[in-house]
Amino acid sequence: MRTSPRTRPARLALAAVATLAVTTAASTAVTVPAAAGAGSGGHGHRHGHGHGHGHGHGHANPSEVRFATFNASLNRNAAGQLVADLSTTGNAQAARAAETIQRTDPDVVLVNEFDFVEDGVAAELFRDNYLAVGQNGAAPVDYPYYYVAPSNTGVPSGFDLNNNGVVGGGDDAFGFGVFPGQYGMVVYSKYPIATDEVRTFQEFLWKDMPGAVLPDDATTPEPADWYSEEELDVFRLSSKSHWDVPIEVPGRKPVHFLVSHPTPPTFDGTEDRNGRRNHDEIRFWADYVAGGKRASYIYDDEGGTGGLGRGQDFVVAGDQNADPFDGDSYDDAILQLLDHPRVRDPHPTSAGAVEAATRDGGANLTHTGPAAEDTADFADGAPGNLRADYVLPSKRLAVRDSAVYWPTSADPLFPRLVGTFPFPVSDHRLVWVDVRTGRAHRR
Ligand SMILES: [Ca+2]
Ligand SMILES: [Ca+2]
Ligand SMILES: [Ca+2]
Ligand SMILES: [Ca+2]
């Protein structure tokens with residue numbers, strides 16, 4: 001549904017066209033056990049002590065796992081800046097992003113808008129210099145495992161994808177970005193990641209999705225021809241990447257953490273190329289968790305095919321850039337997941353979002369979706385505050401609790417961790433869901 005005019009949220013500055021660095025050869029993904037060894041050495045210690053969850057959630061019972069998603073705005077304007085910022089402990093925004101994660105203490109967290117840097121350099125700097133250091137009295141949080149891999153953002157396509165007559169710039173990259181890896185993502189975990197079984201879908205081509213809602217150039221009679229055949233032969237569905245990251249909680253069935261960050265459905269024209277891509281980026285996981293025939297068209301970057309099996313547990317997470325009621329989505333894109341027979345929507349809420357909608361006014365006053373479920377504080381002319389960030393477990397997993405970390409202005413942490421525009425950390429709020437995972441032997 002399209003209930004507001006197509007305007008640009010303030011957060012993504014479509015700045016002057018920057019020169020794109022040429023990306024180097026395809027790089028490999030990185031997952032890293034913390035210290036040396038197979039990664040089992042530290043577990044007894046971690047589980048025995050824990051750090052104490054702020055919500056009565058502890059490590060004594062590893063069957064209950066807190067999954068989170070957080071668009072932390074840890075992207076920067078040029079390659080190298082994030083590494084420079086994270087190389088010291090003094091970056092205020094990174095410290096506040098880390099404190100947000102420490103206060104909510106997820107066991108597994110996806111961080112969106114985290115520039116990709118080869119060899120996990122940025123991921124390790126944020127972990128070691130910020131997450132592992134107590135911020136403003138919050139307890140440090142220990143993530144022995146993480147996963148990062150390349151992103152399509154800022155990687156030059158060599159084609160004029162936005163049809164403005166010129167090749168180059170962020171809009172002609174495989175995903176919007178002014179340098180390779182800008183707006184990437186990273187997964188941190190307290191539990192081992194089955195590195196060998198991670199699947200990435202960075203290079204899956206949009207045209208290979210049956211019934212893809214490809215955009216049309218209205219000035220020609222041919223349908224669905226915004227992108228030429230030559231462009232469709234290289235056009236990747238994922239604006240960043242899609243990763244299936246299996247999390248291995250000891251004694252429990254693996255949980256497939258399905259993460260992505262579909263493009264905002266804006267920054268385009270009446271052809272709605274970004275709205276349509278957003279829709280199909282969300283559809284990818286809907287088909288993937290359906291499995292069977294519906295997922296048979298899917299192939300990963302290693303050539304493996306198909307989706308999840310019937311008995312496999314999962315949690316879909318990420319900034320989906322799609323609200324079920326308001327904003328600019330193409331054809332109710334997020335309902336593909338929220339109404340999916342295998343997906344559970346825990347409907348996380350916050351009091352801060354309700355306060356923000358009232359305080360901000362504007363488009364928020366005409367929204368039909370519940371303000372309590374908003375997760376992003378966008379510009380209030382349009383689109384207003386939206387539910388954009390999701391943690392959606394399989395229906396097979398029991399949900400114990402959930403929330404959006406969005407305290408009200410009465411909370412002493414509000415000015416530092418939430419605030420009002422311009423935000424001290426991010427325009428998005430962290431969302432977490434506690435699920436009870438399945439026993440390892442269950443079939
Ligand atoms: Ca162009
Ligand atoms: Ca046409
Ligand atoms: Ca707002
Ligand atoms: Ca809203």
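The structure this text deals with has already been given above.
Our focus in this paragraph is the coordination of the calcium ion (ligand 2). Donor atoms from the polypeptide that bind the calcium ion (ligand 2) are D216 (OD), D217 (O), T220 (O), T220 (OG1), E222 (O) and D225 (OD), placed at 2.2 to 2.7 Å. On the primary sequence, the residues serving as donors to the calcium ion (ligand 2) are separated as D-D-x2-T-x1-E-x2-D. Relative accessible area serves as the criterion here: at 43%, E222 is assigned to the partly exposed category.

Now for the pattern of salt bridges. The full count for this structure, using the stated rule, is 19 salt bridges. Residue D85 pairs with R76 through a salt bridge whose shortest N-O separation is 2.6 Å. Here K253 makes a salt bridge to D313, at a shortest N to O gap of 3.8 Å. A residue pair is termed long-range when its members are at least 10 positions apart, and K253 in the loop between β7 (243–247) and β8 (255–259) and D313 in strand β9 (residues 313–319) qualify at 60 residues. With a relative accessible area of 9%, K253 lands in the buried category.

Within the fold, D280 resides in helix α6 (residues 273–290). For the buried D280, which has no salt bridge, the nearest side chain bearing the opposite charge is R283, at an N-O separation of 4.6 Å. Those residues in contact with D280 that sit more than four places away from it in its chain are W206, M209, A212, V213 and L237.

Here the focus is helix α3 (residues 92–104). The terminal C-alpha atoms of α3, which comprises 13 residues, lie 19 Å apart, in line with the 18 Å expected from a rise of 1.5 Å per residue. Buried within α3 we find Q93, A94, A95, A97, A98, E99, T100, I101, Q102 and T104. Against β2 (64–74), α2 (81–86), β3 (108–114), α4 (121–131), α9 (414–417) and β12 (431–436) lie the buried residues of α3. Just downstream of α3, D105 is the residue with a positive phi angle, here 50 degrees.

Another point: the coordination of the calcium ion (ligand 3). Bound to the calcium ion (ligand 3) on the protein side are D360 (OD), D377 (OD), F378 (O), D380 (OD), D380 (OD) and N385 (OD1), at distances that span 2.1 to 3.0 Å. One can describe the site at the calcium ion (ligand 3) as irregular: its 6 donor atoms subtend angles covering 46 to 169 degrees at the metal. Taken in sequence order, the residues that donate to the calcium ion (ligand 3) follow the motif D-x16-D-F-x1-D-x4-N. Placement of D360 in helix α8 (residues 351–360) and of D380 in the loop between α8 and β10 (389–393) is noted, with a sequence separation of 20 residues between them. According to the relative accessible area criterion, D380 is partly exposed, its value standing at 22%.

This part takes up the sheet that holds β10. Sheet architecture is open: 5 strands sit in the order β6-β7-β8-β9-β10, paired in mixed fashion. Strands with a single pairing partner mark the edges of an open sheet, and in this sheet they are β6 (199–200) and β10. By the bridge criterion, 2 bridges tie β6 to β7 in an arrangement that is antiparallel. Across the sheet, residue R199 finds its bridge partner in β7, namely D244.

This part is about the nonpolar core. Ranked by size, the top nonpolar core spans 65 residues in total, and within it F67, I101, F114, F126, Y188, I247 and F257 carry the most contacts. The greatest single-element share of this core, amounting to 6 residues, is contributed by β2. Those residues in contact with I101, other than ones at most four positions away along the chain, are F70, P106, V111, F126, L131, V141, Y143 and L430. Of all hydrophobic cores here, the second largest spans 32 residues; its members include W206, I282, V289 and L338.

This paragraph deals with unusual backbone geometry. Trans peptide bonds make up the majority, and among non-glycine residues the majority have a negative phi. For the bond from A382 to P383, the omega torsion is 5 degrees, close enough to zero to count as cis. For P383, the location among the structural elements is in the loop between α8 and β10. For the bond from F421 to P422, the omega torsion is -5 degrees, close enough to zero to count as cis. Within the secondary structure, P422 sits in the loop between α9 and β12. Backbone geometry at N136 places phi at a positive 50 degrees, although glycine is not the residue there. By the secondary structure assignment, N136 is in the loop between α4 and β4 (145–148).

About the cut-offs
Along each chain, residues carry numbers from 1 onward, in the same order as the chain's sequence is written. Starting at A for chains and at 1 for ligands, labels are handed out in the order in which the entities are written. In keeping with the model being predicted, local features are shown solely for residues with a pLDDT of at least 70 and side-chain atom pairs are shown and tallied solely at 80 or more, while totals for entire chains, interfaces and linings include all residues. Values shown for side chains rest on all heavy atoms present in the structure; no hydrogens or waters enter the calculation. Donor selection uses N, O and S atoms within 2.8 Å of the metal (3.2 Å for Na, K and Ca). Since no water is included, sites may look incomplete. Throughout this description, buried means an accessible area under 20% of the type-specific maximum (1.4 Å probe, protein chains only), exposed means over 50%, and partly exposed covers the range between. The salt bridge definition used is simple: a Lys or Arg side-chain nitrogen within 4 Å of an Asp or Glu carboxyl oxygen. Every helix listed is a DSSP run of H or I at least four residues long, and every strand listed is a run of E at least two residues long, numbered separately from the N terminus. In this charge count, Lys and Arg are treated as positive and Asp and Glu as negative; neither His nor the chain ends contribute. Here, residues are in contact when the closest pair of their heavy atoms is within 4.5 Å. By this rule, a helix spans an expected 1.5 Å times one less than how many residues it contains. The geometry test gives tetrahedral to four donors whose angles all lie between 85 and 135 degrees, gives square planar to four donors and octahedral to six donors whose opposite members are over 155 degrees apart with all other angles between 65 and 115, and gives irregular to the rest. Two strands qualify as a pair provided that DSSP identifies no fewer than 2 bridges between them. Put simply, a nonpolar core is a bunch of buried Ala, Val, Leu, Ile, Met, Phe, Trp, Tyr and Cys residues held in one set by side-chain atoms that sit within 4.5 Å of each other.

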